[in-house]
Protein chains: 2
Amino acid sequence: MGKIYVIGIGPGGAQETTPRAQAALAASDVLVGYTTYIDLVKEHYPGKDTIATPMTTEVARCRTCRDLALKGRTVAMICSGDAGVYGMAGLIYQVCEDAPDLEIEVIPGVTAATAGAALLGAPLVHDFAVISLSDALTPWGTIAKRLELAAEGDFVLCLYNPASKTRPDTLKKAADILLGYCGPDTPCGLARRVGREGEECWLCTLEELGEQPADMSTTVFVGNSQTQVIGGKLVTPRGYETKGAL
Amino acid sequence: MGKIYVIGIGPGGAQETTPRAQAALAASDVLVGYTTYIDLVKEHYPGKDTIATPMTTEVARCRTCRDLALKGRTVAMICSGDAGVYGMAGLIYQVCEDAPDLEIEVIPGVTAATAGAALLGAPLVHDFAVISLSDALTPWGTIAKRLELAAEGDFVLCLYNPASKTRPDTLKKAADILLGYCGPDTPCGLARRVGREGEECWLCTLEELGEQPADMSTTVFVGNSQTQVIGGKLVTPRGYETKGAL
C-alpha cells in the first residue's frame, strides 16, 4: 500500500515551501498536479515521475493519485498555496472513501490569503471571511448571500478566484453587492502572482474595485469599517487603540 | 536605518517555517517576541540578542522593535503561525506610522487555520470565516453578531482563542449561539498544539462543542451544512458532486 501526500507548496517559489513540504516532495515517487504547479516544483525534484493535468480535471487527477497509491506508490498531489483552502485535500478524501486503509497526509502551506495580505500590509489582523467568486461549482446566489452577510458582519473579506476569462464580471458584481453595505471609500487591495515572476500589488477603494484588472492569479482584499491605509499599506487594527494602549 | 521583519514562523517546529522566514531570522540582529515563540526559535539562531516579553505587552513589544530599528538594527518580530492573522503585523505598521522611512517586511507563515485543518482533514475547502473568541480587544456583542451572520451564511467557521483561564466559558457561549442556526449534529473539530509537543486533534458534534477542553493553544472548526466525516476526517466538499462529477 502506498501513500498520498496532499502538499501545499505555498504561493510561488521554493522560498515559501516549508521544509515539511519539501521532505514530502522528496519522499514521493510521483508528482501529480495542475500543469502550472508541476512546472514550479519539478526542476527541484529531478528524476520523479510527473503527471501534469489541466484545470477542470480535478476528479480524474485525484482518482489517478488513489490508483497509483493503491499500486504501492508514494504520490504527491501538489497544490498551490495551502492544500486545504479551495485545494485538493477534500476531494482526495472523497475519492479515497472506498479505500479506507490508504494513508493520506495533508501538509499545509502558506495560502494566498496570508501571502497576499503580507504583501499589501496587514489587512487580516482581525476577523475575516474567505469567499471564492467562482460560480463553477457554487451557485452565484450562495456567493452573493455570503458577500452580503460577511459585509453586514463587518468582516474583512478575502476573495479568491475574483474573475476569469469566462466570467470577466464577477468582481464587478461582488463589488456592487458590497457597496450596498460598505462605504465607497472602503480601502481595498489586490495581490497578483504572489511569490512568482511578475508579482504585483496595489490599493484602491471599494468604489474602484469593480474596474480592477483581476484574474485567477489575483487575490482581493476588502477592508472592514476599521481598515486604514498607513504609509501605503492596508492595515486593519486589532483593537489596541480602543483600550487606550496606543 | 535598520529594518523590521515581521515573521510568521508557522504553527510549531522548524519543519513548518518557510526558507524565506528562516533567511529573515538569520539576517536579523535581534529576535523579539512573546516568550514561548522566542523559545521555539532561539536555539536555531544562536548568538542573536533576544527580547522575550510576556502576553498583553504587545504595544510595548512593537515600540521596542521600532526603537531598535531606528537605531540601525535589523529586528525580527516573531509571530506564531502567520504574522498577519491576529499577529503583530498590523500593530507594527500602526506603531511605526511616525517613522515612514523605516523598512518593514511582513513574511507570511502557515497559520493555525490551515495547519489545524490539515490535521483534522479538509474542513476549509469551501468558503470560511475566521473569528477570534477573545473579548479582550473586541466587545462580545461584535463577536456574537459575527458568529450569527457567519452561521446564517453557511460558512465553515474557524475559531481562534476559543477559551482561556480568565474566560473559560467563551467556547460554550459561541456554541450556544451557533446551535440557533446549525443542527446539533454539525461536525466540528479541535486541533491543539499543532506542530508542537503534545499535538492532538479530535472531532465532536456542535451539541458537544461547548463542553470540549479548549484553551489558547486550540483552534476550533465548525463545519457548514455540507461538511462530512469521512474515515474519521472532517471534510467539506467543494461541490464536484453537485455537478455529477463524483
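Source: prediction; values computed, not measured.

Thresholds, definitions, all that
- Residues numbered from 1 in each chain as written.
- Chains lettered and ligands numbered in written order.
- Predicted model: local features only at pLDDT ≥ 70, side-chain atom pairs only at ≥ 80, totals over all residues.
- Heavy atoms only, no water.
- Helix = DSSP H or I, 4+ residues; strand = E, 2+ residues; numbered from the N terminus.
- Rg over C-alpha atoms; globule rule 2.2 N^0.38 Å.
- Buried < 20%, exposed > 50% of the residue type's maximum accessible area, 1.4 Å probe, protein only.
- Least-squares fit on C-alpha atoms with pLDDT ≥ 70 in both.
- Contact = heavy atoms within 4.5 Å.
- Core = buried A, V, L, I, M, F, W, Y, C linked by side-chain atoms within 4.5 Å.
- Buried area = accessible area lost by both parts, 1.4 Å probe.
- Salt bridge = Lys/Arg side-chain N within 4 Å of Asp/Glu carboxyl O.
- Polar contact = N/O pair within 3.5 Å; in protein donor to acceptor, adjacent residues only side chain to side chain.
- Nonpolar A, V, L, I, M, F, W, Y, C, P; charged D, E, K, R; others polar.
- Pairing = 2+ DSSP bridges.
- Phe/Tyr/Trp six-rings, centres within 6.5 Å; stacked < 30°, edge-to-face > 60°.
- Axes fitted to C-alpha atoms, helices over the stretch in contact; angles between N-to-C directions.

1. Structural notes on the overall build of chain A
Then, in step 1: Scanning chain A from terminus to terminus reveals eight helices and 13 strands.
Then, in step 2: Relative to its length of 246 residues, chain A is compact, with a C-alpha radius of gyration of 19 Å against a globular reference of 18 Å.
Then, in step 3: In terms of principal-axis extent, the alpha carbons of chain A reach across some 60 × 40 × 35 Å.
Then, in step 4: Here chain A holds 246 residues, and 61% of them are scored as buried.

2. Focus on the relation of the copies chain B and chain A
Between the two copies of this chain, the relationship is a rotation about some axis together with a displacement along it.
Then, in step 1: In the superposition of chain B on chain A (RMSD 0.0 Å, axial shift 0.0 Å), the rotation amounts to 180°. Such a combination of turn and shift is consistent with a two-fold rotation axis.
Then, in step 2: Residue by residue, 100% of the interface of chain B is reproduced at the interface of chain A, so both copies engage with the same surface.

3. Focus: the nonpolar core
Then, in step 1: Leu 147 and Leu 209 of chain A together with Leu 147 and Leu 209 of chain B are the most contacted members of the largest nonpolar core, which totals 54 residues.
Then, in step 2: Not counting residues up to four positions away in its chain, the partners in contact with Leu 209 of chain B are Leu 171, Ala 175, Cys 188, Leu 190, Cys 204, Val 220 and Val 222 of chain B.

4. Focus on unusual backbone geometry
All names here are of chain B.
Then, in step 1: If you check the backbone angles, Tyr 86 has positive phi at about 55° while not being a glycine.
Then, in step 2: Along the chain, Tyr 86 turns up in the loop between strand E4 (74–79) and helix H4 (89–95).
Then, in step 3: Even without a glycine there, the phi angle at Asp 154 is positive, about 60°.
Then, in step 4: Inspection of the secondary structure assignment puts Asp 154 in the loop between helix H6 (140–152) and strand E8 (156–160).

5. Examining the interface of chain B and chain A
Then, in step 1: Between chain B and chain A, the contact holds 68 residues from the first and 68 residues from the second.
Then, in step 2: Taking both partners together, chain B and chain A bury about 6100 Å²; carbon and sulfur atoms supply 61% of that area.
Then, in step 3: When the buried surface of chain B facing chain A is broken down by residue, Leu 137, Arg 146 and Tyr 240 of chain B rank first, second and third, together holding 12% of it.
Then, in step 4: For the pair chain B and chain A, the number of links is six salt bridges.
Then, in step 5: A salt bridge links Glu 16 of chain A to Arg 20 of chain B; the nearest nitrogen and oxygen atoms lie 2.8 Å apart.
Then, in step 6: For the interface between chain B and chain A, the tally reads 22 residue pairs in polar contact (both at pLDDT 80 or more).
Then, in step 7: At the level of elements, helix H1 (19–27), helix H3 (58–70), H4, helix H5 (112–120), strand E6 (121–122), strand E7 (128–132), H6 and strand E13 (233–235) of chain B are the ones that each hand at least two residues to the side of chain B that touches chain A.
Then, in step 8: The leading source of residues in the side of chain B that touches chain A is H4 of chain B, at six residues.
Then, in step 9: Looking at side-chain class alone, the side of chain B that touches chain A contains 33 nonpolar, 20 polar and 15 charged residues.
Then, in step 10: Across three bridges, strand E7 (residues 128–132) of chain A lies against E7 of chain B in antiparallel orientation.

6. Comments concerning the pattern of salt bridges
Then, in step 1: This model, assessed by the stated rule, comprises 26 salt bridges over all chains.
Then, in step 2: When the shortest N-O distance is used, the salt bridge between Asp 127 of chain B and Arg 146 of chain A registers 2.9 Å. You can see Asp 127 of chain B sitting in the loop between E6 and E7 and its partner Arg 146 of chain A sitting in helix H6 (residues 140–152), one on each of two chains. Here the two residues Asp 127 of chain B and Arg 146 of chain A agree in accessibility, since each one is buried.
Then, in step 3: Between Asp 39 of chain B and Lys 42 of chain B there is a salt bridge, with the nearest N and O atoms lying 3.6 Å from each other.
Then, in step 4: On the accessibility criterion, Asp 39 of chain B (43% relative accessible area) is partly exposed.
Then, in step 5: Given the relative accessible area of 40%, Lys 42 of chain B is considered partly exposed.
Then, in step 6: Counted as one network, the salt bridges with shared partners bring together Lys 3, Arg 20, Glu 103 and Glu 105 of chain A together with Glu 16 of chain B.

7. Things to note about the pairing of E7 of chain B
Residues and elements named next belong to chain B.
Then, in step 1: Within E7, five of the five residues are buried, which leaves the element mostly enclosed by the surrounding structure.
Then, in step 2: The alternating pattern of E7 places Phe 128, Val 130 and Ser 132 on one face and Ala 129 and Ile 131 on the opposite face, and all of these are buried.
Then, in step 3: With five bridges joining them, E7 and E8 adopt parallel strand pairing. Within E8, the position partnered with Ala 129 by the bridge is Leu 157.

8. Side note on the packing of aromatic side chains
All names here are of chain B.
Then, in step 1: Counted according to the given criterion, the structure contains four aromatic pairs over all chains.
Then, in step 2: Judged by centre distance (5.1 Å) and plane angle (80°), the rings of Tyr 34 and Tyr 37 are edge-to-face.
Then, in step 3: Note on Tyr 37: relative accessible area 17%, which makes it buried.
Then, in step 4: Seen from their ring centres, Tyr 86 and Tyr 160 are 5.1 Å apart, and the 55° between their planes marks the pair as tilted.

9. Things to note about the sheet that holds strand E12 (residues 228–230) of chain B
Residues and elements named next belong to chain B.
Then, in step 1: Taken in spatial order, the three strands make up an open sheet running E6-E13-E12, and their pairing is mixed. A single partner strand is all that each edge strand has here, and the edge strands are E6 and E12.
Then, in step 2: In this structure, E6 lies alongside E13, joined through two bridges in parallel fashion. Directly across from Ala 122, in E13, lies its bridge partner Val 235.

10. Examining the sheet that holds strand E2 (residues 30–34) of chain A
Residues and elements named next belong to chain A.
Then, in step 1: With parallel pairing, five strands are arranged side by side in an open sheet as E3-E2-E4-E1-E5. A single partner strand is all that each edge strand has here, and the edge strands are strand E3 (49–53) and strand E5 (103–107). For this sheet, the mean inter-axis angle between neighbouring strands, taken without regard to orientation, is 20°.
Then, in step 2: Where strand E1 (residues 3–8) and strand E4 (residues 74–79) come together, six bridges link them in parallel fashion. Among the inter-strand pairings, Gly 8 is bridged to a residue of E4, identified as Cys 79.
Then, in step 3: On the sheet, helix H1 (residues 19–27) packs against E1, E2, E4 and E5 and is oriented at approximately 140° with respect to E1.

11. What about the side chain of Thr 74 of chain B?
Then, in step 1: When you line up the elements, Thr 74 of chain B lands in strand E4.
Then, in step 2: Ignoring anything within four residues of it in the chain, the contact list for Thr 74 of chain B reads Lys 3, Tyr 5, Ala 27, Ser 28, Asp 29 and Val 30 of chain B.

What is shown is where atoms sit, not what they do.
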